[in-house]
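A structural walkthrough
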Amino acid sequence: QVQLVESGGGLVQPGGSLRLSCVAAGSGFRIDTMGWYRQAPGKQRELVASISNGDRTNYADFVKGRFTISRDNSKSTVYLQMNSLKPEDTAVYYCKVVGVSGWHRYDYWGQGLQVTVSS
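Summary of the structure given here. (Residues numbered from 1 in each chain as written. Predicted model: local features only at pLDDT ≥ 70, side-chain atom pairs only at ≥ 80, totals over all residues. Heavy atoms only, no water.)

1. Quick look at the state of the cysteines
- By the definition in use, this model includes one disulfide.
- Disulfide pairing is shown between C22 and C95; the S-S distance is 2.1 Å. The chirality of the disulfide connecting C22 with C95 is left-handed, given an S-S dihedral of about -85°. Here C22 is found in strand β3 (residues 18-26), whereas its partner C95 is found in strand β9 (residues 91-101), with 73 residues between them in sequence. Each member of the pair, C22 as well as C95, is classed as buried. (Disulfide = S-S within 2.5 Å. Helix = DSSP H or I, 4+ residues; strand = E, 2+ residues; numbered from the N terminus. Buried < 20%, exposed > 50% of the residue type's maximum accessible area, 1.4 Å probe, protein only.)

2. As for the environment of T90
- By secondary structure assignment, the location of T90 is in the loop between β8 (77-82) and β9.
- Given a relative accessible area of 24%, T90 falls into the partly exposed group.
- For the pair T90 and Q3, spaced 87 residues apart in sequence, the C-alpha to C-alpha distance is 24 Å.
- Beyond its immediate stretch of four places on either side in the chain, T90 contacts A40, Q114, V115, T116 and V117.
- Only 2.9 Å separates the side chain of T90 from the backbone nitrogen of V117, close enough to count as a polar contact. (Contact = heavy atoms within 4.5 Å. Polar contact = N/O pair within 3.5 Å; in protein donor to acceptor, adjacent residues only side chain to side chain.)

3. Observations concerning the nonpolar core
- Among the nonpolar cores identified, the biggest contains 30 residues, and W36, L80, M82 and Y93 are the most heavily contacted of them.
- Those residues in contact with M82 that sit more than four places away from it in its chain are G16, S17, L18, L20, R66, F67, Y93 and V115. (Core = buried A, V, L, I, M, F, W, Y, C linked by side-chain atoms within 4.5 Å.)

4. A few points about the side chain of D89
- With respect to the element layout, D89 can be found in the loop between β8 and β9.
- Separated by 2.8 Å, the side chain of D89 and the backbone nitrogen of K86 make a polar contact.
- Filtering out sequence-adjacent residues up to four positions away, D89 remains in contact with R38, R66, F67, S84, V115 and V117.

5. So, unusual backbone geometry
- In the Ramachandran plot, S76 falls in the positive-phi region, its phi being about 50° despite a non-glycine side chain.
- Structurally, the position occupied by S76 is in the loop between β7 (67-72) and β8.
- Relative accessible area serves as the criterion here: at 23%, S76 is assigned to the partly exposed category.
- Non-glycine residue S84 carries a positive phi angle of around 50°.
- Along the polypeptide, S84 turns up in the loop between β8 and β9.

6. Considerations on the pattern of salt bridges
- On inspection of all chains with the given rule, the structure shows five salt bridges.
- A cluster of three or more residues bridged by salt bridges with shared partners is formed by R38, E46, R66 and D89. (Salt bridge = Lys/Arg side-chain N within 4 Å of Asp/Glu carboxyl O.)

Purely spatial values, then, with no claim about function.
As structure tokens, this is what we get:
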């Protein structure tokens, strides 16, 4: 049983910053890759950024140079620092955690955080 607790969303003006946090609460699983996805109305969910256990990062082209993903394994937490936000970044942001238990791998999703970039 793993629950993802997300925080940090909200309303911000263009050019502003937000920091999203996601804590993986639970036991019985070893946490592998962690990441952030987003979904705007009428669009498919898309990868924003991910980070492996070895701290290898992967970013979508539309956020490179603006967003930074990081993790704190001691806290089972993944962060997304979002700078230079644009109206196009408005979406619901979802945390995803890959958990491993024995031979099994599971994807866990947060409930989503609303991020609105507007003047």
